[in-house]
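# Reading the structure
Here is how the chains run, residue by residue.
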Amino acid sequence: MADWRDHLPAVRGKLLLDQPLAPYTWFRVGGPADALFLPADEDDLADFLKALPEKVPVTFLGMGSNTIVRDGGIEGVTIRLMGGYWGAVEAAGSNSLFARAGALDLSVAKAAAKEGIAGLSFFSGIPGCVGGAVRTNAGCYGRELKDVVNQIEGITRSGERVRFEAEIAQYGDPKIEFSYRHTNFPDDIIVTGILLTGSGEGDPDTLSREIAEHQKRRAETQPIKEKTGGSTFANPDPPGTPSQRSSWKLVEAAGCRGLRVGGAQVSEKHCNFLINTGEATAADIEALGELVRARVLDVTGVDLRWEIRRIGRLQARR
């Protein structure tokens, strides 16, 4: 056992050694975390990080919806903020909600509908949790996180609490820049909660029907019942670009629908989704994605950008 794991700080949450991470990801693949920390709340997380030696790497996993954890697992401490305390969503003033980082995007949409807050239903089309949405400026149906985020709270690697107001997050110095499926939010800050503001008042029943339509549309067009990670590649062009190119059309044009590597397959239903057919390794899924990228580049000249995060060691520790 690594020396640093013999002297881990005391916690009120759960601290698990050599914990398999496959059950924590939507692809259901990946090796173990050297240590997996499931903090009870912000104080538990901050105290742990303050006491954890700086040399120990820290990785934030989130819900694992758009993540490939490689087969060698993750070095250092992996932190996951999910369920219970971390999944809370509550009203926060006029047309606003405060959601802790582990709140499911769908839960945010439903909470907004219940409160009669319009403009947040698009979250029902995003897989994962709101903490992860900050990293990718997640969005769908013509809206993105940047359109509704008002405040971001987090904790640094050293255990310091930080808060970014809307003006600071988008226009201040230091500046958090939001672009299509990307932000430059600091890697050493773990998002703990965000304040979201809708576009105005809405009828709860109408908003609930809107969410139901989004869910129906996803079920009809995406392989949501498969072991998948959501959209694999970002569209080459931001929304609103004239003659915008779609990744799935480029993958289709390159003849990759149904393509396989080991137990990984390009979905027949939506070819911008990779799926684990049951026996895939993380290496299979990543290799398939790279093969698709190579074929698309060869056929169309477009270099697709991964939207799915790939983390961890390629091979197990020795």
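So, here's what we can say about the structure. It should be emphasised that the depicted structure is a prediction, and the values quoted were computed from it without experimental measurement.

To continue, consider the sheet that holds strand β12 (residues 161-165). Whenever strands of a sheet pair, they do so through backbone hydrogen bonds, lying parallel or antiparallel. Taking strand neighbours across the sheet as the criterion, the five strands line up as β6-β7-β15-β11-β12 in an open arrangement whose pairing is antiparallel. The open sheet has two free edges, formed respectively by β6 (89-91) and β12, since each of these has just one partner strand. Averaged over all pairs of adjacent strands, the angle between strand axes in this sheet comes to 20°, irrespective of strand direction. For β6 and strand β7 (residues 96-100), the ladder comprises three bridges, and the chain directions are antiparallel. When the bridges of β7 are listed, alanine 91 appears paired with leucine 97. Sheet strands touched by helix α1 (residues 42-51): β7, β11 (149-156), β12 and β15 (189-197). Its angle to β11, the strand with the most contacts, is close to 45°. Taken strand by strand, helix α2 (residues 105-115) contacts β6, β7 and β15, and its axis lies near 150° from that of β7.

Turning to the pattern of salt bridges, a few remarks are in order. Evaluation of the coordinates by the stated rule reveals 16 salt bridges. For aspartate 147, the salt bridge is made with lysine 146, and the minimal N-O distance between the two is 3.3 Å. Salt-bridge contacts for arginine 310 lead to glutamate 290; the nearest nitrogen and oxygen are separated by 3.5 Å. Of this pair, arginine 310 sits in strand β23 (residues 309-311) while glutamate 290 sits in helix α7 (residues 282-300); the two residues are 20 residues apart in sequence, bridging distant segments of the chain. By relative accessible area, arginine 310 is classed as partly exposed at 28%. What makes glutamate 290 partly exposed here is its relative accessible area of 30%. Shared partners join several salt bridges into a network, and the residues in it are Arg70, Glu286, Glu290, Arg293, Asp303 and Arg310.

About the criteria used
Residues numbered from 1 in each chain as written. Predicted model: local features only at pLDDT ≥ 70, side-chain atom pairs only at ≥ 80, totals over all residues. Heavy atoms only, no water. Pairing = 2+ DSSP bridges. Helix = DSSP H or I, 4+ residues; strand = E, 2+ residues; numbered from the N terminus. Axes fitted to C-alpha atoms, helices over the stretch in contact; angles between N-to-C directions. Contact = heavy atoms within 4.5 Å. Salt bridge = Lys/Arg side-chain N within 4 Å of Asp/Glu carboxyl O. Buried < 20%, exposed > 50% of the residue type's maximum accessible area, 1.4 Å probe, protein only.

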